[in-house]
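The lines below spell out each chain.
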Amino acid sequence: MKQQKIVVLGTGGTIAGKSAQAGDNIGYQAAQLGVAELLDAVPGLPAVLQDCELEAEQVAQVDSKDMDFGVWQRLALRCEHWLAQPEVRGLVITHGTDTLEETAYFLQAVLAPDKPVVLACAMRPATALLADGPQNLLDAFAVALAPSAHGVLAVCAGQVHGALDVRKSHTYRLDAFDSGEAGPVGQVEEARVRWLRPCAADEGAASALQALRGAPAWPRVEIVMNYAGAGGAAVDALVQGGVQGLVVAGTGNGSLHHELEAALQRAQAGGVRVLRTTRCAYGRVLPKPGDALAVAQGLSPVKARVAMLLSLLAP
Ligand code: ASP
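Quick caveat, the model's predicted, so the values are computed rather than measured.

Novice: What am I meant to see in the layout of surface pockets here?
Specialist: Regions of empty space are outlined by a rolling probe, equal in size to a water molecule, passed over the atoms. Roughly 830 Å³ of internal volume is contained in the largest pocket. Lining the largest pocket are 36 residues, and of these R167, A281, G298, L299 and S300 sit closest to its centre. Contributions of two or more residues to the lining of the largest pocket are made by α4 (100-111), β7 (167-168), β11 (221-225), β13 (273-278) and α9 (301-313). A per-class count over the lining of the largest pocket returns 16 nonpolar, nine polar and 11 charged. Those elements that place two or more of their residues in the lining of the second largest pocket are α2 (45-49), α5 (133-145) and β10 (192-195). Residue composition of the lining of the second largest pocket, grouped by class: 10 nonpolar, three polar and three charged.

Shown next, in the form of C-alpha cells:
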C-alpha cells in the first residue's frame, strides 16, 4: 500500500498575509505567501505528521473577502480529485477568515466527504510579532489525522468547528470563530483532538458538484435585511435587475417590515426564490402555519444564500 498523505491546498487569506511592520495586525496585505512558505514556518510539523507524506498545491491566492464562484469551483474540483486518491487521508485548506464559514458550508454541501477536509486560518498576518497561523495550521493537521475526523471542519485558536455551525463572530480576537448554540465539535490540545460531540456532517450531496462542474457562473442570489424603516425599493430594484433568489435576514423570528414583506411576496409571485432567515446571532426562525415565505432551516443568511445558489444550480 502507498504511503498515506495529507494534501494542503492554499487559497490565501491573512494566514498568508504580510505587513510592512511586525506590530501591524490590521494594515497588512492578505494572500502574499505561497502555501509552501506557510508550511516551512510550522515547527513541529514532522512530529505531528509522523510517517504521513505532505503535498501542497496553490489553488488560489485571494483575500477571502473577494472569494468568488471561480475559486470555489476550482477548489471543490481539486478537493474532489485529491479525496478520490486512496492514499490521501485528508485535506487541509488555508483560507482567509472573512468568508471561511461560507466556503466550509459550500464544500460540505458539494463534497459531503467521508475524509476530513480541514480549513485553517489566522487572524494575524504571517509577519506579526506573534503570528497565530503556524499554530492553527499545526492544529489543522492534528485534526486531519485524528481518528474519526470526517466532513468539512474549521480550526481556529484550538477549537474545531463543523461546517454547518461555524461562523466568524469577532472582528479582531484570535479566537474569532464560534459555533453558536451548537458549540464546537472538539478542541485541539498539544496536537491531540478531544472531541466534544460527533463531527458527523451528513449535509451535502455530490449531485451539486456535478452541476458545478459545467456551470459558467453562479445564479444571482442576494441578501437583504429587515431593520427599522426598511422598505421594498431595494427588493424591487433587484427583481428588475434579474435576481433569481433573495435571502432576507429578518428581525427576531424572521419578522419583516410590512413594505419589505410585500415586496418579497411580489418577487416570489414573479418567480424569484425567497428564503427567510434571522439577523439574530442565536436561535433559528420557527415557521408558523400560513407563512407566505419559507424559512431556511436554521441556516445563517450567508449559508442560506449558498444553499439557494446550489439549489438553483442543481434543482
Ligand atoms: N480579509 C482576510 C481574509 O479573509 C481576513 C483574514 O483572513 O483574517 O482573507
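Let's pick the thread back up.
Novice: Sorry, what's going on with the site of the ligand here?
Specialist: By nearness alone, every residue bordering the ligand is listed as G13, T14, Y28, D63, S64, K65, G96, T97, D98 and A122. Take D63: an N or O atom from its side chain is 2.7 Å from a nitrogen atom of the ligand. Separating an oxygen atom of the ligand from a side-chain N or O atom of T97 is a distance of 2.5 Å. In the shell around the ligand, the residues fall into two nonpolar, five polar and three charged.

Novice: Looking at this model, I keep getting lost on the environment of A294. Mind explaining?
Specialist: Structurally, A294 can be placed in the loop between β13 and α9. C-alpha separation for the pair A294 and A122, spaced 172 residues apart in sequence, amounts to 36 Å. The residues touching A294, leaving out its near neighbours within four places in the chain, are V274, L275 and R276.

Novice: Is there a simple way to explain unusual backbone geometry in this structure?
Specialist: Peptide bonds are, in most cases, trans, and in most cases residues other than glycine have a negative phi. Here the phi dihedral of Q50 falls at roughly 50°; this positive angle occurs in a residue that is not glycine. When you line up the elements, Q50 lands in the loop between α2 and β2 (53-62). A positive phi angle is found at S148, which is not glycine, with a value near 75°. Along the chain, S148 turns up in the loop between α5 and β5 (151-156). Residue S148 is classed as exposed on the basis of its relative accessible area, which comes to 52%.

Novice: Explain the pattern of salt bridges to me, please; I cannot follow it from the model alone.
Specialist: Note that side chains of opposite charge can pair when their charged atoms are close. Taken as a whole, this structure holds 13 salt bridges when the rule is applied. A salt bridge links D165 to R197, with the nearest nitrogen and oxygen atoms 3.6 Å apart. Note that D165 is positioned in the loop between β6 (159-162) and β7 and R197 in the loop between β10 and α6 (207-214), a separation of 32 residues in sequence. Overall, D165 belongs to the partly exposed group, its relative accessible area being 25%. Where R276 meets D291, a salt bridge forms, and the shortest distance between an N and an O atom there is 2.8 Å.

Novice: In this structure, what is going on with the nonpolar core? I would like to understand it.
Specialist: Soluble, globular proteins show a tendency: their nonpolar side chains are buried together. Formed by 51 residues in total, the largest nonpolar core has its most connected members in L9, C79, L91, F106 and L107. Residues contacting L107, with those up to four places away along its chain left out, are L75, A76, C79, I93, A112 and V152. The next biggest cluster of nonpolar side chains, apart from the first, holds 33 residues, and it includes V42, V118, A140 and V188.

Novice: Mind showing me how you'd approach the pairing of strand β12 (residues 245-250) here?
Specialist: Successive residues of a regular strand alternate their side chains across the two faces of the sheet. Counting buried residues in β12 gives six out of six residues, a clear majority hidden from the surface. The two faces of β12 match: G245, V247 and A249 on one face and L246, V248 and G250 on the other face are all buried. Across five bridges, the pairing between β11 and β12 is parallel. From the neighbouring strand, V224 faces β12, where its bridge partner is V248. As paired strands, β12 and β13 are joined by six bridges and run parallel to one another.

Novice: Honestly, the packing of helix α3 (residues 69-83) against α6 in this entry has me stumped. Any pointers?
Specialist: Two quantities define a packed helix pair, namely the angle between the axes and the distance from one axis to the other. Running from N to C, α3 and α6 cross one another at 125°; their axes reach a closest spacing of 10 Å. It follows that α3 is oblique to α6 by the angle criterion. Here α3 and α6 pass one another in a crossing that is left-handed. The residues of α6 that touch α3, namely those facing F69, Q73, A76, L77 and E80, are L209, L212 and R213.

Novice: Please explain the pairing of strand β4 (residues 116-120) as it appears in this structure.
Specialist: With five of five residues buried, β4 lies mostly within the body of the structure. What you see with β4 is no split at all: P116, V118 and A120 on one side and V117 and L119 on the other are buried throughout. For strand β3 (residues 88-94) and β4, the ladder comprises four bridges, and the chain directions are parallel. Counterpart to T94 in the pairing with β4 is A120. For the segment spanning β3, α4 and β4, crossover handedness is right-handed. As defined by bridge partners, β4 adjoins β5 across five bridges and the pair is classed as parallel. Within β5, the residue paired with P116 across the bridge is G151. Traced from β4 through α5 to β5, the parallel crossover comes out left-handed.

Criteria and thresholds
Counting of residues starts from 1 at the beginning of each chain's written sequence and follows it residue by residue. Residues qualify for local features only when their pLDDT is at least 70, as the model is predicted, and side-chain atom pairs are given and counted only at 80 or more; totals for whole chains, interfaces and linings, by contrast, use all residues. Water and hydrogen atoms play no part in the side-chain values, which are based on all heavy atoms of the structure. Whether a set of points on the 1 Å grid over the protein atoms alone is a cavity depends on a 1.4 Å probe fitting there but being unable to get out, while an open set qualifies as a pocket with protein on both sides within 12 Å along at least five of seven lines; lining residues are those with an atom within 4 Å of a point. Grid points are joined across faces, edges and corners, and a volume is the space filled by probe spheres set on the points. Labels follow the DSSP assignment, with helices taken as runs of H or I lasting at least four residues and strands as runs of E lasting at least two, numbered in each case from the N terminus. The classification used treats Ala, Val, Leu, Ile, Met, Phe, Trp, Tyr, Cys and Pro as nonpolar, Asp, Glu, Lys and Arg as charged, and all other residues, Gly among them, as polar. Any residue with a heavy atom lying within 4 Å of a molecule or strand is counted as near it. Pairs of N or O atoms are called polar contacts if they sit within 3.5 Å, as long as, within protein, a hydrogen donor faces a hydrogen acceptor (for residues adjacent in sequence, only side-chain-to-side-chain pairs). Should any heavy atoms of two residues lie within 4.5 Å, those residues are counted as being in contact. Each residue is placed in one exposure class: buried if its accessible area under a 1.4 Å probe, protein chains only, is under 20% of its type's maximum, exposed if it is over 50%, and partly exposed if it falls in between. Between Lys or Arg on one side and Asp or Glu on the other, a salt bridge is scored when a side-chain nitrogen of the former is within 4 Å of a carboxyl oxygen of the latter. Joining through side-chain atoms within 4.5 Å is the link that ties buried Ala, Val, Leu, Ile, Met, Phe, Trp, Tyr and Cys residues into a set, and such a set is a nonpolar core. Paired strands are those between which DSSP finds at least two bridges. To get an axis, fit a line to the C-alpha atoms, keeping to the stretch in contact for a helix; angles then go from 0 to 180 degrees between the N-to-C directions. Convention used here: angles under 35 degrees read as roughly parallel, angles over 145 as roughly antiparallel, angles from 65 to 115 as roughly perpendicular, and any remaining angle as oblique. Take the far helix as the reference: if the near one is turned anticlockwise from it by less than a right angle, the crossing is left-handed, and if turned clockwise, right-handed. Here, the term right-handed applies to a crossover whose path from the first strand over the helix to the second runs clockwise when the strands point away from the viewer.

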